[in-house]
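Chain residues, written in single-letter form:
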Amino acid sequence: MAFGKRIKYFRNRKGMKQKELGELLGFLGKTSDVRVAQYETEARTPKADLVKEMAQIFDVNTRAINVPNIDSYLGLMHTLFALEDMYGIKIGEIDGELCLRLDREHKEYQHLFEPFHAWQQMAAKLESGEISQEEYDNWRYNYPELDTSQRYAKMSSPELSDNLIKNLNKPIK
């Protein structure tokens, strides 16, 4: 989740308006909501001390607001927490093993089911020896181009579709 979206997410979680947050951060008058809007749209980036103040207001760690660096375990954990917020990805346990799952009640479930299912199918093929690690990696690193399970419709260029409609509307001779 982008930095600005994280600010907006936590602000909304606290039930705050942009103006309220801006005033708590010390921006007075008309600039209070404008400044917060600029941070949320990423037109401006708040300095580290301001992010720290926001974290205190939201009662969260600064890592929860910043876009995490997944090259560290803490960054990875905060990335997973952001995925839970945005997409309803939950942690669970099956047969004593920890696993991530999609929450069927989350609004993004329908959008994520097919790509996750395709990923699971490819991982199962790797595990069963049906495909090699190289084939699996090639699928992952070129996703969605090599995904044969996808049900996405390819759209023609707007110019082509405009020409088709124009020609379809011509009277038949």
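Residues numbered from 1 in each chain as written. Predicted model: local features only at pLDDT ≥ 70, side-chain atom pairs only at ≥ 80, totals over all residues. Heavy atoms only, no water.

Details of helix α3 (residues 31-40)
Okay, step 1: Along α3, the residues classified as buried are S32, V36, Y39 and E40. Down the axis, α3 shows its buried residues gathered within 100 degrees of arc, on one side only.
Okay, step 2: Along its buried surface, α3 packs onto α1 (3-13), α2 (18-24) and α4 (48-58).
Okay, step 3: In the stretch just after α3, E42 is the one whose phi turns positive, near 65 degrees. (Buried < 20%, exposed > 50% of the residue type's maximum accessible area, 1.4 Å probe, protein only. Helix = DSSP H or I, 4+ residues; strand = E, 2+ residues; numbered from the N terminus. Arc of directions from axis to C-beta. Contact = heavy atoms within 4.5 Å.)

A closer look at the nonpolar core
Okay, step 1: Judged by nonpolar contacts, the single largest core of 17 residues is most densely connected at I7, L21, M54, F58, V60 and I65.
Okay, step 2: Contributions of two or more residues to this core are made by α1, α3, α4 and α5 (62-65).
Okay, step 3: Ranked by the residues each element gives to this core, the list is headed by α4, at five residues.
Okay, step 4: Discounting chain neighbours no more than four positions away, the residues touching L21 are I7, R11, M16, V36, I57 and F58. (Core = buried A, V, L, I, M, F, W, Y, C linked by side-chain atoms within 4.5 Å.)

Thoughts on the pairing of strand β2 (residues 97-102)
Along a regular strand, successive side chains alternate from one face of the sheet to the other.
Okay, step 1: The pairing of strand β1 (residues 89-94) with β2 spans six bridges and is antiparallel. In the sheet register, I89 faces β2, and the bridge partner there is L102.
Okay, step 2: Hairpin connection, β1 to β2: the antiparallel pair is bridged by two residues, and D95 has positive phi, about 50 degrees. (Pairing = 2+ DSSP bridges.)

As for the confidence of the model for the chain
Okay, step 1: Averaged over every residue, the pLDDT of the chain is 85; residues scoring 70 or more account for 86%.
Okay, step 2: Averaged pLDDT values over the elements of the chain bottom out at 57 in helix α9 (residues 158-168) and peak at 96 in α2.
Okay, step 3: Across residues 152-156, confidence stays below pLDDT 50; counting only partners more than four residues off in sequence or on other chains, it has three contacts. (pLDDT = per-residue confidence, 0-100.)

Concerning the packing of aromatic side chains
Okay, step 1: The final tally for this structure, using the stated rule, is six aromatic pairs.
Okay, step 2: Pairing Y9 with F10 gives two aromatic rings, centres 5.2 Å apart and planes at 80 degrees, and the pair type is edge-to-face.
Okay, step 3: Ring centres of F116 and W119 lie 5.8 Å apart, and the angle between their planes is 80 degrees; this geometry places the pair in the edge-to-face category. Of this pair, F116 and W119 both sit in helix α7 (residues 109-128), three residues apart, which is roughly one turn of that helix.
Okay, step 4: The exposure class of W119 is partly exposed, given its relative accessible area of 41%.
Okay, step 5: Put simply, the rings of Y9, F10 and F58 touch in pairs and so form one group of aromatic residues. (Phe/Tyr/Trp six-rings, centres within 6.5 Å; stacked < 30°, edge-to-face > 60°.)

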